[in-house]
Amino acid sequence: MLYITKNFILFAVIFILSFSNIVKTEASTELNQWATSFESYLFNLGPITGKFSQLDKYGKLSKGKFWSNGKGSIKFSYLPESELMITINDGLISVKEKENSPVNQYSIKDSPISNLLSKSFSLDNFAFKKIAIEGNIGTIELRIKESSKRNSIHLTGDYPIPKLRQWRLIDAQNNETLVFFSKISKFDFLDKNFFNMNYEQK
């Protein structure tokens, strides 16, 4: 009887551990499948436009409209009271604070935005990625360096069918910026200089 009891206990322990591993494997597969779908969704978005709301490190909320050509360029036009305009194109971020003000440009070489907007975008281009799903929302954390949360971006989208909702960018100075996207739709991109602020000034 004692021998049977011991065997039963051993079997129960093995079953519980095996079941736990199966659950973890299924959960990991589910996360990876969604991440792959999200990656494909972002890669194949093509030319899009929509609205955005931005929350900076000081808690200031700004709103406006954005455009992306689906080939590595994106433009943010803020509501009239700020007149701020930002474009990311050809590895540079261009900032114009007022309609007639000069354009300031900065390299995004070491920013996760560079990889995100790359024409060869892939989650594997990042040194670190972490996937989490809560309810009908999924988030992917992507880092330039595995050991540092600086220069990282968190992409949030719908689950199980991916649709971009927001990104949370943490820069090299550990400043955090949240950008919420809404009313995303396709559009016909015509003007090749649309993302070139220097061209606008000529």
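Residue indices begin from 1 for each chain and proceed along its sequence in written order. Whole-chain, interface and lining totals are the exception, using all residues; otherwise, since this is a predicted model, local features are given only for residues with pLDDT of at least 70 and side-chain atom pairs are given and counted only at 80 or more. Just so you know, side-chain values use all the structure's heavy atoms and leave hydrogens and water out.

Outline the pattern of salt bridges, supporting the account with residue identities and numerical values.
A side chain of one charge can pair with a side chain of the opposite charge if their charged atoms are brought near each other. Any Lys or Arg side-chain nitrogen found within 4 Å of a carboxyl oxygen on Asp or Glu counts as a salt bridge. All chains considered together, the criterion is met by 4 salt bridges. Between Asp124 and Lys129 there is a salt bridge whose closest N-O contact spans 3.6 Å.

Please give an account of the sheet that holds strand E7 (residues 128–134) that cites residues and values.
An order of E6-E5-E4-E3-E2-E1-E11-E10-E9-E8-E7 is seen for the 11 strands of this open sheet, with the pairing classed as antiparallel. At either end of the open sheet lies a strand with only one pairing partner, and these are strand E6 (104–107) and E7. Looking at each pair of strands side by side, their axes are set apart by 20° on average, direction ignored. Any two strands between which DSSP finds at least two bridges are classified as paired. For helices the rule is a DSSP run of H or I covering at least 4 residues; for strands it is a run of E covering at least 2, with both sets numbered from the N terminus onward. Pairing between strand E9 (residues 152–158) and strand E10 (residues 164–170): 6 bridges, direction antiparallel. Along E10, the bridge assignment pairs Thr156 with Gln166. Here the axes come from fitting lines to C-alpha atoms, over the contacting stretch only for helices, and the angles between their N-to-C directions go from 0 to 180 degrees.

Could you give an account of a nonpolar patch on the surface, with specific residues and numbers?
Two distance rules govern patches: like charges are joined within 9 Å, and nonpolar side chains (Val, Leu, Ile, Met, Phe, Trp, Tyr) within 5 Å, applied only to residues with over 30% relative accessible area and no salt bridge. Surface accessibility in these figures is a Shrake-Rupley result with a 1.4 Å probe; residues are shielded only by whichever protein chains are displayed. On the surface, a cluster of nonpolar side chains totalling about 240 Å² of accessible area is made up of Leu55, Leu61 and Phe180. Along the chain, Leu61 turns up in strand E2 (residues 61–68).

Please set out the nonpolar core residue by residue, giving values where relevant.
Taken as a class, soluble globular proteins show a tendency for nonpolar side chains to be buried jointly. Of all hydrophobic cores here, the largest spans 33 residues; its most connected members are Phe76, Ile113, Trp167 and Phe181. For this core, the element with the most residues is helix H1 (residues 2–43), which contributes 5 residues. In this analysis, two residues are considered to be in contact whenever any of their non-hydrogen atoms come within 4.5 Å of each other. Contacts of Phe76, omitting those with residues within four sequence positions, involve Phe52, Lys65, Phe66, Leu84, Met85, Ile86, Trp167, Val179 and Phe181. Nonpolar core, defined: a set of buried Ala, Val, Leu, Ile, Met, Phe, Trp, Tyr and Cys residues in which side-chain atoms within 4.5 Å join the residues together. Only protein chains enter the accessibility calculation, which uses a 1.4 Å probe; a residue is then buried when its area is under 20% of its type maximum, exposed when over 50%, and partly exposed in between.

Let's hear about unusual backbone geometry: which residues, and what values?
Residue Pro160 follows Tyr159 across a cis peptide bond; omega there is 10°. Tracing the chain through its elements places Pro160 in the loop between E9 and E10. The phi dihedral of Asn151 falls on the positive side, at around 55°, and the residue is not glycine. Within the secondary structure layout, Asn151 lies in the loop between strand E8 (137–143) and E9. Taking relative accessible area as the criterion, Asn151 reaches 18% and is therefore assigned buried.

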